[in-house]
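Coordinates in review
Chain by chain, the residues:
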Amino acid sequence: MKNSIEIKNVSKKYPGFALKNINFCVPEGTIVGLIGENGAGKTTTIKALLNIISSLGDIQVLGKNIRKHEKEIKQDIGVVLDNSFLSEYLTTKKLNTIMKDFYNNWDEKKYMYYIKEFQLPENQLIKEFSSGMKMKLKIAIAISHHPKLLILDEPTSGLDPIVRNEILEIFRKYIEEDETRAILISSHITSDLEHISDYIVLIDKGEIKLDKATTELLENYGIVKCSKEDFEKIKIEDYISYRAGKYQYEVLVADKYEFRRKYDISVIDRPTIEDIMLFYIKGGKA
Ligand code: ATP
């Protein structure tokens, strides 16, 4: 399988924050969810990947070095950035003429189809749009030139659950239409990504803490619930981290089946991606 994105040893230093040796891939045909707390480095990673900010390390997008082939690569990708700005004094119709000049592959029919599908008005100024409408418009722009890859920074933040679901459905369809496509999507709403991502990459304080298939996280990982005495019997190499509650210990393990074979502890819950994120970020290790 080819990789649509390959990031190797990417670093970036700001005063007070650093991305440290970031490594991960987005394989063709997959959706990769980049998760992390506010300020963890998701946007900085995406900006480095798009060559919007300078960084160290190797970045390949669609098989090419982004620093050498930026213009060419950008014709083939669709991007939604967190705080990206659309001129408030344009209409969806006017944007169509602007985009036609910008993208060689701009598909006016496809764009108009999305405008209709998303129920966006053609002649109303963007400044009168709600935040959900603005996001849908940004997505329509990002996918109407048949991109091979979508890079989406927080495309669902600030939107209500119904609009979020509609948007996630668009991404799912986009991938299904062509198996060589791929999506990198960041969010701190982990439940959104749990349902659509094939892989989860967790970034914390500028470092990748976890990079795993979503099914493995949901099916194999487990949260062991036990007493302090039982917790003290668990060997350090058999768990990832623990959280001490008032009445019990919760312990994240990477393979609940293996854990069951080794220990006589019967309560093991299935974690959500949010649980796993919390254990990696806030959990302790004895
Ligand atoms: P959020 O979910 O809040 O968008 P994030 O994971 O996307 O968070 P980043 O926007 O990547 O986080 O920010 C990571 C850190 O880098 C923050 O501490 C931020 O203050 C810092 N940072 C970002 N841009 C700059 C800059 N231009 N100059 C200095 N520091 C910056």
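Residue numbers here run from 1 along each chain, matching the order of that chain's written sequence. Selection of residues for local features in this predicted model requires a pLDDT of at least 70, selection of side-chain atom pairs for listing and counting requires 80 or more, and totals for whole chains, interfaces and linings are taken over all residues. Heavy atoms from the whole structure form the basis of all side-chain values; hydrogens and water molecules are not counted.

1. Brief notes about the site of the ligand
Inclusion rule: One heavy atom within 4 Å of a molecule or strand is enough for the residue carrying it to be called near that molecule or strand. Whenever two N or O atoms come within 3.5 Å, that pair is a polar contact, provided that in protein one can donate a hydrogen and the other can accept it, and provided that, for residues adjacent in sequence, both atoms are side-chain atoms. The accessible surface values rely on the Shrake-Rupley method and a 1.4 Å probe; as for residues, cover is taken only from the protein chains in view. By definition, any uninterrupted DSSP run of H or I lasting at least four residues is a helix, any uninterrupted run of E lasting at least two residues is a strand, and each is numbered from the N terminus. Amino acids are sorted into nonpolar (Ala, Val, Leu, Ile, Met, Phe, Trp, Tyr, Cys and Pro), charged (Asp, Glu, Lys and Arg) and polar (every other residue, Gly among them).
Taken together, 13 residues form the shell around the ligand, and within it G39, G41, K42, T43 and T44 come nearest. Here an oxygen atom of the ligand and a backbone polar atom of G39 are 2.7 Å apart. Contact distances for the ligand include 2.9 Å between an oxygen atom and a backbone N or O atom of G41. Coverage of the ligand by the protein chains reaches 61% of its 640 Å² of free accessible surface. With three residues, helix α1 (residues 42–49) is the largest single contributor of residues to the shell around the ligand. When its residues are assigned to classes, the shell around the ligand shows three nonpolar, six polar and four charged.

2. Considering the sheet that holds strand β5 (residues 64–65)
For clarity, the cut-off: One requirement defines pairing of two strands: DSSP has to find at least two bridges between them. Every residue pair with non-hydrogen atoms within 4.5 Å of one another is taken to be in contact. Fitted lines through C-alpha atoms give the axes, limited to the stretch in contact for helices. The angle between two N-to-C directions lies from 0 to 180 degrees.
If you walk across this open sheet you meet the four strands as β2-β1-β4-β5, and the pairing is antiparallel. Every interior strand has two partners, whereas the edge strands, β2 (17–27) and β5, have only one. Where strand β4 (residues 56–61) meets β5, two bridges bridge the pair, whose relative direction is antiparallel. Its bridge partner being in β5, V61 is matched across the sheet by K64. Of the strands in this sheet, β1 (3–14), β2 and β4 touch α1, which is tilted by about 115° from β1.

3. Considerations on the sheet that holds strand β8 (residues 182–187)
Strand order in the open sheet formed by six strands is β6-β7-β8-β3-β9-β10, with mixed pairing between adjacent strands. Either end of the sheet is taken by a strand with one partner, and the two such strands are β6 (77–80) and β10 (207–213). Sheet twist, expressed as the mean angle between neighbouring strand axes with direction ignored, is 15°. Here six bridges tie strand β9 (residues 199–204) to β10, and the two strands are oriented antiparallel to one another. Bridged to Y199 within β10 is A213.

4. A look at the pattern of salt bridges
Let me state the cut-off plainly: Whenever a carboxyl oxygen of Asp or Glu lies within 4 Å of a side-chain nitrogen of Lys or Arg, that contact is scored as a salt bridge. Summary of the burial criterion: residues with accessible area below 20% of their type's maximum are buried, those above 50% are exposed, and those between are partly exposed, where the area comes from a 1.4 Å probe applied to protein chains only.
Scanning all chains against the criterion turns up 22 salt bridges. Note that K209 is salt-bridged to D204, the shortest N-O span being 3.1 Å. By relative accessible area, which is 36% here, K209 ends up partly exposed. For D204, a relative accessible area of 2% puts it in the buried group. One salt bridge in this structure joins D269 and K225, with 2.8 Å as the shortest N-O distance.

5. Some remarks on helix α6 (residues 161–177)
The cut-off we apply is this: What a helix is expected to span follows from its residue count: subtract one and scale by 1.5 Å. The arc in question is the one traced by the directions running from the helix axis out to the C-beta atoms.
Between the first and last C-alpha of α6 there are 24 Å, a value that for 17 residues agrees with the 24 Å anticipated at 1.5 Å per step. Within the span of α6, buried status applies to V163, R164, I167, L168, I170, F171, Y174 and I175. All buried residues of α6 lie within an arc of 150° about the axis, which places them on one face of the element. Away from its buried face by more than 90 degrees, α6 exposes P161, I162 and E176.

6. A closer look at the packing of helix α3 (residues 92–102) against helix α4 (residues 108–117)
So the rule is basically this: If an angle is under 35 degrees, it is roughly parallel; if it is over 145, roughly antiparallel; if it lies from 65 to 115, roughly perpendicular; otherwise it is oblique. Handedness of a crossing is defined here by the sense of rotation of the near helix relative to the far one, left-handed for an anticlockwise turn of less than a right angle and right-handed for a clockwise turn.
Axis separation between α3 and α4 bottoms out at 11 Å; the angle between their running directions is 155°. As summarised for this structure, α3 and α4 are arranged roughly antiparallel, according to the angle between their axes. α3 and α4 meet at a crossing whose hand is right-handed. Facing T92, K93, L95, N96 and K100 of α3, the residues of α4 in contact are E108, Y111, M112 and I115. Tallied by class, residues from the contact of α3 with α4 come to four nonpolar, two polar and three charged.

7. As for unusual backbone geometry
Its identity as a non-glycine residue notwithstanding, N51 has a phi of 60°, on the positive side. Note on placement: N51 falls in the loop between α1 and β4. The phi torsion at Q119 lies on the positive side, around 55°, for a residue other than glycine. For Q119, the position within the fold is in the loop between α4 and α5 (131–143).

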